[in-house]
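What follows is each chain in one-letter form.
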Amino acid sequence: MIIDKLIEKVDLKKSHIVVGLDPRIELMPENFISKKIREGASLSNILFEFNKKIIDSVYDLVPAVKPQVAYYEMYGIEGMIAFRDTIKYAKEKGLIVISDVKRSDIGSTSKAYSNAHLGKVLFSGKQVNDFKTDAVTINPYLGSDTVKEFIEDIKEDGGMIFLLVKTSNKSSGEIQDRISNNKKIYEYVCASINSFADDTLGKNNYHSIGAVTGATYSSELSQIRKLIPRSYLLVPGYGAQGGKGSDVVSGFNKDGLGALVNSSRGIIYAFNRIGKNIGESARIAVKEMNEDINLNLKNVNKYRW
Ligand SMILES: O=c1ccn([C@@H]2O[C@H](COP(=O)(O)O)[C@@H](O)[C@H]2O)c(=O)[nH]1
């Protein structure tokens, strides 16, 4: 099961970090782009090579990466080729890949999304779902029938899903924090996560249905931790959105596990701050982030190693 492989890698690398792979041409160093253009590289190759530099520099330090599909879709077919190649390469380097696709739709269409990212699609005997990954993010606000389609696939194939619970953006409370029958809307999502989780418990006592909860809402993170104790939390919002190590510790359990903290811009564009090349800067930024999180976990007696 991916949840157990993930925990194995967390332990091996002593890291709770997910590196976000959100490539944007206009944020890449100019000399990198112009060299690639001179060499005749395609757009997909430029995007992939940028990600490859990051992956090659951090794969031994972190358990997982998270490509956000929007940064590939925006570049059309070329972007999606880079998305496919990035997933494949990251897996080859032993990383868990969480595709941030935030999918869901009516049941039959959810099934198609699930097939695309977690299942198996065959044509003429050949597997054609190029974007097959380890885990995906899901928007649960369409209701349980949409989520169940993904759960069928993870039960069959061992993958993971992370349901949006309390997102990191400024206005996430407009709907997610609304109260109905004395409960916030996101608390209903937590209850549904517990009810979906049957038969997905791994050997480390965490199940395969996780939740996305932003580092920018530390007290909600702490509450959500208690509401869904056996779920892994995917925690974006560290770094560029202002989240710090001290904000994310409430997302961890006493066993020192239970949360994966994502940073995208703070790592992949760290060359702006650190001044070394793309890869070296990303590596330094990951080491700093790891230290920050692990030190804060030690301070609250949740350091595992
Ligand atoms: O609530 C959410 C859900 C997803 N995200 C995604 O995480 C990264 C964050 O990037 P940074 O550059 O570290 O801010 C990005 O892909 C978002 O789409 C999130 O931020 N909040």
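Counting starts from 1 at the beginning of each chain's written sequence and moves along it residue by residue. Reporting in this predicted model follows two pLDDT cut-offs: at least 70 for local features of residues, and 80 or more for side-chain atom pairs to be given and counted; totals over whole chains, interfaces and linings ignore these cut-offs and use all residues.

Looking at an unreviewed UniProt entry, the protein carries the name Orotidine 5'-phosphate decarboxylase, with the source organism given as Helicovermis profundi. For the record of the protein, the UniProt heading Sequence similarities (unreviewed entry) holds the text "Belongs to the OMP decarboxylase family. Type 2 subfamily." UniProt positions are given in the numbering used here, feature names are shortened, and annotations may be inferred rather than shown by experiment.

Colleague: Help me out: how do you make sense of the overall build of the protein in this one?
Modeller: Scanning the protein from N- to C-terminus turns up 14 helices and 12 strands. Reported as C-alpha extents along the three principal axes, the dimensions of the protein are approximately 60 × 55 × 35 Å. Put simply, a residue is buried when 20 or more other C-beta atoms lie within 10 Å of its own C-beta and exposed when 12 or fewer do; between those, it is partly exposed, and each C-beta is set from the backbone. Considering the protein as a whole, with its 305 residues, one finds that 48% of them fall into the buried category. Long-range pairs, those at least 24 residues apart, make up 71% of the contacts in the protein with a sequence separation of at least 6. Secondary structure elements are defined from DSSP: runs of H or I of at least 4 residues count as helices, runs of E of at least 2 residues count as strands, and each element is numbered from the N terminus. The contact criterion used is a C-beta to C-beta distance within 7 Å, with each C-beta placed from the backbone.

Colleague: Honestly, the site of the ligand in this entry has me stumped. Any pointers?
Modeller: In the vicinity of the ligand lie 18 residues, with Gln68, Thr167, Pro236, Ser264 and Arg265 positioned nearest. Lys, Arg, Asp and Glu make up the charged group, whereas Ala, Val, Leu, Ile, Met, Phe, Trp, Tyr, Cys and Pro make up the nonpolar group; the residues left over, Gly among them, are polar. Among the residues making up the shell around the ligand, the classes are represented as three nonpolar, 12 polar and three charged. For each residue, a C-beta atom is positioned from the backbone; the residue is called near a molecule or strand if that atom sits within 6 Å of it.

Colleague: Can you help me understand the UniProt feature "domain: Orotidine 5'-phosphate decarboxylase" (unreviewed entry) in the protein in this one?
Modeller: Under the local residue numbering, the UniProt record ascribes the feature "domain: Orotidine 5'-phosphate decarboxylase" (unreviewed entry) to residues 16-278. From the first C-alpha to the last, residues 16-278 spans 22 Å; its make-up is 42% helix and 19% strand.

Colleague: I tried to follow the sheet that holds strand S12 (residues 259-263) on my own but got confused; where do I start?
Modeller: For sheets, the rule is that strands pair by backbone hydrogen bonds, running either parallel or antiparallel. Spatially, the eight strands close up into a barrel ordered S1-S2-S3-S6-S7-S10-S11-S12, and their pairing is parallel. If you compare each strand with its neighbour and ignore which way they point, the axes differ by 30° on average. Sheet analysis places strand S3 (residues 96-103) next to strand S6 (residues 135-138), joined by three bridges and oriented parallel. Bridge assignment links Ser99 to a residue of S6, and that residue is Val136. The convention used is that axes are lines fitted to C-alpha atoms, helices contributing only their stretch in contact, and that angles between N-to-C directions extend from 0 to 180 degrees. Each of strand S7 (160-166), strand S10 (209-213) and strand S11 (233-235) touches helix H10 (residues 218-227); the most contacted strand, S10, lies at about 165° to it. Here a strand pair is declared whenever DSSP counts at least two bridges between the two strands.

Colleague: Honestly, the pairing of S6 in this entry has me stumped. Any pointers?
Modeller: Within a regular beta strand, the side chains point alternately toward one face of the sheet and then the other, so they alternate between its two faces. Residues of S6 alternate between two faces, with Ala135 and Thr137 on one and Val136 and Ile138 on the opposite face, all of them buried. In this structure, S6 lies alongside S7, joined through four bridges in parallel fashion. Pairing of Thr137 across the sheet is with Phe162, part of S7. A crossover gets the label right-handed when its path from the first strand over the helix to the second runs clockwise, viewed with the strands pointing away from the viewer. Tracing the backbone out of S6, into helix H7 (residues 144-157) and back to the parallel element S7 gives a crossover that is right-handed.

Colleague: Is there a simple way to think about the nonpolar core in this case?
Modeller: Side chains of a nonpolar character, in soluble globular proteins, are inclined to be buried together. As used throughout, a nonpolar core is a set of buried Ala, Val, Leu, Ile, Met, Phe, Trp, Tyr and Cys residues joined through C-beta atoms within 7 Å of each other. In terms of nonpolar packing, the biggest core is built from 84 residues, with Val19, Ile161, Phe162, Leu163 and Val261 touching the most fellow members. No other element matches the seven residues that helix H3 (residues 43-58) contributes to this core.

Colleague: Please explain the environment of Leu233 as it appears in this structure.
Modeller: Here Leu233 shows up in strand S11. What makes Leu233 buried here is the crowd of 26 C-beta atoms within 10 Å. A C-alpha to C-alpha distance of 6.2 Å links Leu233 and Leu260, two positions 27 residues apart in sequence. Beyond its immediate sequence surroundings of up to four residues, Leu233 is in contact with Gly210, Ala211, Thr213, Ile224, Arg225, Gly251, Gly258 and Ala259.

Colleague: In this structure, what is going on with the UniProt feature "active site" (unreviewed entry) in the protein? I would like to understand it.
Modeller: Residues annotated in UniProt with the feature "active site" (unreviewed entry) correspond here to Lys102. For Lys102, the position within the fold is in strand S3. According to the C-beta neighbour criterion, Lys102 is partly exposed, with 17 such atoms within 10 Å. Not counting residues up to four positions away in its chain, the partners in contact with Lys102 are Thr137, Asn139 and Leu164.

Colleague: Please clarify how unusual backbone geometry should be interpreted in this entry.
Modeller: With the exception of glycine, most residues fall at negative phi, and the peptide bonds are largely trans. The backbone phi angle of Lys14 is positive, close to 50°, even though this residue is not glycine. Along the chain, Lys14 falls in the loop between helix H1 (2-13) and strand S1 (17-21). Backbone geometry at Asn182 places phi at a positive 65°, although glycine is not the residue there. Summarising the element assignment, Asn182 is placed in the loop between strand S8 (179-180) and strand S9 (183-184). Its 6 C-beta neighbours within 10 Å are what place Asn182 among the exposed residues.

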